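# Examining the three-dimensional arrangement
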Amino acid sequence: MSLTGLFASSDPSHPPSHAADSNGQIEAMFQQIMHAVHKSHRDISELRQECAELRMANASLERQVREGLQYNIYGSRNGTPGFMTPAPPSPQLRPKLSPFLSHSIPAITTSSHDAVYHRPSPLGENTLTAFPFGNRDIPGFYVVIPAGGAGTRLWPLSREGHPKFLLDLTLKGRSLIQATWDRLIPLTSAARTTVVAGPGHVKSIRDQLPDLLPHNLFCEPGPKDSMAAIGLAAAVLALRDPDAVIGSFAADHMISGDDAFLSAVAEAVEVARKDYLVTIGIAPSHPSTGFGYIRLGEKLGMKEAPNARLVSSFKEKPDARTAAQYIGTGAYRWNAGMFVTKATVLLDLLKEYKPDLASGLLKIAAAWDDEDLRDTVLSEVWPTLEKIPIDNAVAEPAAAEGRVAVVPATFGWDDVGDFSSLADLLPAEANQPRILGDSHLVLTEQVAGGIVVPGSGRLIACLGVDDLVIVDMPDTLLVTTRARSQEVKRLVKRARDAGWKQLL
């Protein structure tokens, strides 16, 4: 029964017309009261959110000050006082002689536990930026860090249970995912930074990123490639904030030139606010056959984003001759897989190009805040989702319709896709191999190039061999050449087929 009917039937002494007028006034007052109550609830929710962010910021600042003081005991970075270059809010800050931040997987032996070595990398110090105290926060910008893949081309250093994004590949005491967090946090906050990962990596990620809020760690039941991972984050964040602009950045990439990187991301956010799907194009340093390419289109002419262009097309990994032709034109950039867009725009594109995938992700997102219901829906829906990269799912078809933009960038970038690219990122003497680990465990004579990982604690001696890849772990030894390092994943398949799954 309506309110009008209820009040009309409750007082027969009033004529129907007077009762209707009176009841209309009462119903209007009731609606005003309910509107005020709902507004109060929204205001209280916003205040709670602000208080939570302030508590996180205060806790982070206290940890920075505390760890900065501790770090000064050992000597601060670049010879400056600890308060001028505050230690980032994550554990394991001291440079080490092992790429493993923890000695548990697998056990690593070094010749000296007390010595502290700082080996500079061509990619610079990821834990610092050129603006440690500037306010670069972008309101409404949410970071999504997909942390997936086993890094099979870096086996046996990288394993399924301890993939490359959990490793410190420059021996600075920071894993790749920690460096990614450090790099992006100036643009957002812990409350707006999310990670998408598999169940086997959740604990390690929580250990390495103590400021990551529990409800911002999205656990996917199984690998479904980048579209499902990023789409899941977009669907959940769209419910939390319908105006959210999200930026997806892989957990296992290395970047130099933090200022240029953050400027490019900020420019991409401005373009994304105009309802574009935006990617960041990396200026190629050589004709790589290991990366996809982006062909630049016309300039967008946006005042807020002067460098932004339309994407003419995406190109798959080319052969050497085609890659050289791309470089020669000056019209191509490497595709680093970085995407910035409104969460709702990404979901709309997904509904258009992959409606079944969109429907499944939206169903999961609707149940996400109810843990019991979430598990039930995930077990039912996730296995049915299509396994497809975001490029093939939405970026390529949307680019053909002029709906994808690119911000050409100048910062250094590498996806550390194999031991050859890892070797290029490590320092070394002229005509000597790169060493990822304790150099005291490697003896060479007439050896040029290559990379050696002394991970078992045994002495490695090399004589008259050039450009080798030697990875010596406690349970596995890999020997190949830099030229064939891309093919290591074939050995992983052979090892699996031969029954060595426990070593993968």
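Along each chain, the written sequence defines residue order, and numbers are assigned to residues from 1. Only residues with pLDDT of 70 or above have their local features reported here, since the model is predicted, and side-chain atom pairs are shown and tallied only from 80 upward, although totals for entire chains, interfaces and linings are computed over all residues. Hydrogen atoms and water are omitted, and side-chain values are computed over all heavy atoms in the structure.

### Structural notes on the environment of L169
The cut-off we apply is this: The way it works is that DSSP assigns letters per residue, a run of H or I at least four long becomes a helix, a run of E at least two long becomes a strand, and they are numbered from the N terminus. In this analysis, two residues are considered to be in contact whenever any of their non-hydrogen atoms come within 4.5 Å of each other.
Looking at the secondary structure, you find L169 in the loop between β1 (141-147) and α3 (176-184). With residues near it in sequence (within four places) discarded, L169 still touches P99, L154, L157, L176, V416, L422, L426 and L436.

### Observations concerning unusual backbone geometry
In this chain, W155 is followed by P156 through a cis amide linkage whose omega measures 5°. Tracing the backbone shows P156 in the loop between β1 and α3. For L171, which is not glycine, the phi torsion reads 60° and is therefore positive. Positionally, L171 belongs in the loop between β1 and α3. One non-glycine residue, D225, lies in the positive phi region at around 75°. One can find D225 in helix α5 (residues 225-240).

### Details of the packing of aromatic side chains
Note the following rule: Here a pair means two rings of Phe, Tyr or Trp (six-membered ring of Trp) with centres within 6.5 Å. Their orientation is stacked below 30 degrees between planes, edge-to-face above 60, and tilted elsewhere. Exposed residues in this analysis have more than 50% of their type's maximum accessible area, buried residues have under 20%, and partly exposed residues fall in between, with area computed by a 1.4 Å probe over protein chains only. A positively charged side chain is recorded as over a ring if its NZ (Lys) or CZ (Arg) lies within 6 Å of the ring centre. The angle to the ring normal must also be within 35 degrees.
The full count for this structure, using the stated rule, is eight aromatic pairs. Judged by centre distance (4.1 Å) and plane angle (20°), the rings of Y326 and Y332 are stacked. Both residues of the pair, Y326 and Y332, count as buried. Feature note: the residues F249, F261 and F411 constitute an aromatic cluster, connected by ring pairs. Across from the ring centre of W368, 4.5 Å away, lies the NZ or CZ of R374, which sits over that ring.

### Regarding the environment of S312
Tracing the chain through its elements places S312 in strand β8 (residues 309-315). Owing to a relative accessible area of 38%, S312 belongs among the partly exposed residues under this scheme. Those residues in contact with S312 that lie beyond four places of it in its chain are R295, L296, G297 and A399.

### Structural notes on helix α9 (residues 355-366)
Worth spelling out the cut-off: Every helix has an expected span of 1.5 Å times one less than the residues it contains. The directions considered for the arc are those from the helix axis to the C-beta atoms.
Taking 1.5 Å as the rise per residue, α9 with twelve residues should run 16 Å; its terminal C-alpha atoms sit 16 Å apart, in good agreement. Those residues of α9 that sit buried are L357, A358, G360, L361, I364 and A365. Here the buried residues of α9 occupy an arc of 165° about the axis, which is enough to place them on one side. Exposed side of α9, more than 90 degrees from the buried face: D356 and A366 are the residues found there.

### Observations regarding the sheet that holds strand β14 (residues 451-454)
The line we're drawing: Whether two strands pair comes down to DSSP finding at least two bridges between them.
With respect to topology, four strands assemble into an open sheet ordered β12-β14-β16-β17, the strand pairing being mixed. Looking at strand neighbours, the two that pair on one side only are β12 (434-435) and β17 (477-481), the edges of this open sheet. Direction of pairing for β12 relative to β14: parallel, over a ladder of two bridges. When the bridges of β14 are listed, R434 appears paired with I451.

### A closer look at the pattern of salt bridges
Applied cut-off: For this document, the term salt bridge refers to a Lys or Arg side-chain nitrogen within 4 Å of an Asp or Glu carboxyl oxygen.
Following the criterion strictly, the structure yields 17 salt bridges and no others. Across the pair D475 and R159 runs a salt bridge whose closest N-O atoms are separated by 2.8 Å. With D475 in the loop between β16 (468-472) and β17 and R159 in the loop between β1 and α3, this pair connects stretches of sequence that are 316 residues apart. Ionic pairing is found between D497 and K493, a salt bridge with its closest N-O pair at 3.1 Å. Here K493 and D497 lie together in helix α13 (residues 488-497), a separation of four residues that amounts to about one turn. Each of the two residues, D497 as well as K493, counts as exposed. Among the charged side chains, a network of salt bridges with common partners joins E352, E401 and R403.

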